[in-house]
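Topology and contacts: notes
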Amino acid sequence: MSSLLARISDLIRAEGPITVAQYMTLCLHDRQAGYYATRPGLGAGGDFLTAPEVSQMFGELIGLWAVAAWRAMGAPDRFLLVELGPGRGVLMEDALRAARVAPDFLRALRLVLVETSPVLRAEQARRLAPFTPQSLDRIGELPDALPLILIANEVFDCLPARQFVRHAGAWREQVIGLDEAGNLAFGLGPAPRGLDLPEAADGTVIEQSPAQTALAEALGARLAGQGGFALIIDYGRDRPGFGDTFQALHQFEKVDPLARPGEADLTFHVDFSDLARSGVAGGATASPILTQGTFLTRLGIAARLQSLAAAQPAKAATLLRQAERLVAPDQMGDLFKVLALSSPGLAPPAF
Ligand code: SAH
């Protein structure tokens, strides 16, 4: 039995079933055995691929978006370029390479990476060393004197969420306890208090992420105070909805989220309508919610593909496959959504 499974089982024996959000936090961030804390499996040899790991085009286009965003801010001569949850640092490396078209932008930026995982922080520091990034543990530690452009790709999906299940005409919290054999098992917990959940048929699941909501609101407040933009990209829905989206990935396979605590990536789909509302509650303006396909098409992925393919004809077929993976509706194009939060008065490019 893994040490984390043993500790979670002990915790449940001592204190009773835990919420899905508590379970997720332990599995991802436990200092000794959490997935991100100790063995994040990003990239081809790992557990899952993100858009920047699929293709350099993704980060390059985000880099060009950031340059346009900086110009929309009046091209300030100092600003914070912030990435939240930068993974292996690949997106930012590609973005900063593309941003060489704007030397003034490169001179003006101060690179700040917000990352919880010590393993990934070390890799980011190596890959982005030429830009001497500052690494922070949490968004609350960001300096607050300069305007900012913040990028968050596939970060909100790994913030913990709670699940509620409709049972016998009432909502109950989904909890994780132990079955008779001592294995982790889902069960029904108490009725939620202080939450306004809609009516639904028995068996329906609804998810809420106070962590996602709080982060979007904090970003909104920061943007209202400091000026600038936040670009949020993730998989999820553009309106509130029902359904169980709790997912575990291990070596590119979906696995039972209770099977390997600490060994799989755990995620939820993000409710972008909630992020937009929360950002506005914090004081920012929210853009319309776009699909990733539409966003990358507006940023010129077709032209970028053409010029890369012309420069390396032997790789043309691979590049085309990568671009399709990012934008095709039946691949990442529709499932992934994009939202920009802006300080009042600023209009985000491409929305
Ligand atoms: N943005 C990268 C990595 C996505 S994986 C990419 O697109 O490839 C999720 C990233 O968020 C990891 O770097 C993970 O360690 C980080 N992360 C998870 N929870 C976080 C939190 N609460 N605060 C900051 N970073 C977090």
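Refer to the structure printed above.
Residues numbered from 1 in each chain as written. Predicted model: local features only at pLDDT ≥ 70, side-chain atom pairs only at ≥ 80, totals over all residues. Heavy atoms only, no water.

**Observations concerning the overall build of the protein chain**
Summing up its helical and strand segments, the protein chain has 14 helices and 17 strands in all. Whereas a compact globule of 351 residues would reach a radius of gyration of roughly 20 Å, the protein chain reaches 21 Å, a difference of no more than 12%. The dimensions of the protein chain, computed from C-alpha atoms along their principal axes, are 65 × 45 × 35 Å. Scored against the burial criterion, the 351 residues of the protein chain give a buried share of 54%. Taking all contacts inside the protein chain whose residues are at least 6 apart in sequence as the whole, residues at least 24 apart take part in 75%. Counting only carbon and sulfur atoms, one obtains 52% of the accessible surface of the protein chain, whose full area is about 15,100 Å². Distance from the positive charge centre (31 side chains) to the negative charge centre (38 side chains) of the protein chain: 6 Å. (Helix = DSSP H or I, 4+ residues; strand = E, 2+ residues; numbered from the N terminus. Rg over C-alpha atoms; globule rule 2.2 N^0.38 Å. Buried < 20%, exposed > 50% of the residue type's maximum accessible area, 1.4 Å probe, protein only. Contact = heavy atoms within 4.5 Å. Areas by Shrake-Rupley, 256 points an atom, 1.4 Å probe, with all protein chains shown as cover. Lys, Arg positive; Asp, Glu negative; His and termini not counted. Charge placed at Lys NZ, Arg CZ, Asp CG, Glu CD.)

**As for the pairing of strand β3 (residues 109-114)**
Strand residues, when the strand is regular, have side chains that alternate between the two faces of the sheet. Within β3, five of the six residues are buried, which leaves the element mostly enclosed by the surrounding structure. Note: strand β2 (residues 79-84) against β3, six bridges, orientation parallel. Within β3, the position partnered with Leu-81 by the bridge is Leu-111. Both β3 and strand β4 (residues 134-136) contribute to a ladder of three bridges, which runs parallel. Bridge pairing in β4 places Val-114 opposite Leu-136. The parallel pair β3 and β4, bridged by helix α8 (residues 118-127), forms a crossover whose chirality is right-handed. (Pairing = 2+ DSSP bridges. Right-handed = clockwise from strand over helix to strand, strands pointing away.)

**A short note on the packing of aromatic side chains**
Scanning the entire structure with this criterion turns up nine aromatic pairs. On the basis of an interplanar angle of 35° and a centroid distance of 5.4 Å, the ring pair of Phe-295 and Phe-351 is categorised as tilted. Pair noted here: Phe-295 is in helix α11 (residues 292-298) and Phe-351 is in the segment after β17 (336-342), with a separation of 56 residues, a long-range link. Note on Phe-295: relative accessible area 1%, which makes it buried. Each member of the aromatic cluster is reached from another via a ring pair, and the members are Trp-70, Phe-79 and Phe-105. (Phe/Tyr/Trp six-rings, centres within 6.5 Å; stacked < 30°, edge-to-face > 60°.)

**Overview of the packing of helix α5 (residues 56-72) against helix α6 (residues 90-98)**
Interhelical geometry of α5 versus α6 gives an angle of 55° and a closest axis separation of 7 Å. Regarding the angle of α5 to α6, the classification is oblique. Crossing of α5 over α6 shows right-handed handedness. Only Leu-91, Asp-94, Ala-95, Arg-97 and Ala-98 of α6 make contact with α5, whose side of the interface consists of Gln-56, Phe-58, Gly-59, Glu-60, Ile-62, Gly-63 and Leu-64. For the contact of α5 with α6, the residue count by class is six nonpolar, three polar and three charged. (Axes fitted to C-alpha atoms, helices over the stretch in contact; angles between N-to-C directions. Parallel < 35°, antiparallel > 145°, perpendicular 65-115°, else oblique. Left-handed = near helix turned anticlockwise from the far one by under 90°. Nonpolar A, V, L, I, M, F, W, Y, C, P; charged D, E, K, R; others polar.)

**Considering the pattern of salt bridges**
Two side chains of opposite charge can pair, provided their charged atoms sit close to one another. Counting across every chain of the model gives 16 salt bridges. A salt bridge links Asp-104 to Arg-107; the shortest N-O distance between them is 2.5 Å. Within this pair, Asp-104 and its partner Arg-107 are both found in helix α7 (residues 103-108), separated by three residues, close to a single helical turn. Since its relative accessible area comes to 46%, Asp-104 is described here as partly exposed. Residue Arg-107 is classed as exposed on the basis of its relative accessible area of 62%. Bridged by salt links that share partners, the residues Glu-53, Arg-88, Glu-93, Glu-123 and Arg-127 form one connected network. (Salt bridge = Lys/Arg side-chain N within 4 Å of Asp/Glu carboxyl O.)

**Digging into the layout of surface pockets**
Of the voids in this model, the largest pocket is the one considered here, and its volume is about 940 Å³. Around the largest pocket, the lining is made up of 37 residues, and of these His-29, Glu-115, Thr-116, Val-155 and Leu-159 lie nearest the centre. Its residues assigned to classes, the lining of the largest pocket shows 19 nonpolar, ten polar and eight charged. (1 Å grid on protein atoms, 1.4 Å probe; cavity = no way out; pocket = protein on both sides within 12 Å on 5 of 7 lines; lining within 4 Å. Points joined across faces, edges and corners; volume = space filled by probe spheres on them.)

**A short note on the site of the ligand**
Looking at the ligand, there are 20 residues lining it, with Thr-50, Gly-85, Gly-87, Glu-115 and Asn-153 nearest. One of the backbone nitrogen or oxygen atoms of Gly-87 is found 3.0 Å away from an oxygen atom of the ligand. A distance of 2.5 Å separates an oxygen atom of the ligand from a polar atom in the side chain of Glu-115. In isolation the ligand offers 570 Å² of accessible surface; the protein chains occlude 93% of this area. (Near = heavy atom within 4 Å. Polar contact = N/O pair within 3.5 Å; in protein donor to acceptor, adjacent residues only side chain to side chain.)

**Some remarks on the nonpolar core**
Counting 47 residues, the largest nonpolar core has Trp-65, Leu-81, Phe-105, Ile-149, Leu-231 and Phe-295 as its most contacted members. For this core, the element with the highest residue contribution is α5, accounting for nine residues. Once residues lying within four places of it in the same chain are set aside, the contact partners of Phe-105 are Ala-66, Val-67, Trp-70, Phe-79, Leu-81 and Ala-99. Core analysis: the second largest hydrophobic core is formed by 28 residues, Leu-159, Ile-232, Val-270 and Leu-339 among them. (Core = buried A, V, L, I, M, F, W, Y, C linked by side-chain atoms within 4.5 Å.)

On their own, these measurements won't tell you what the molecule is for.
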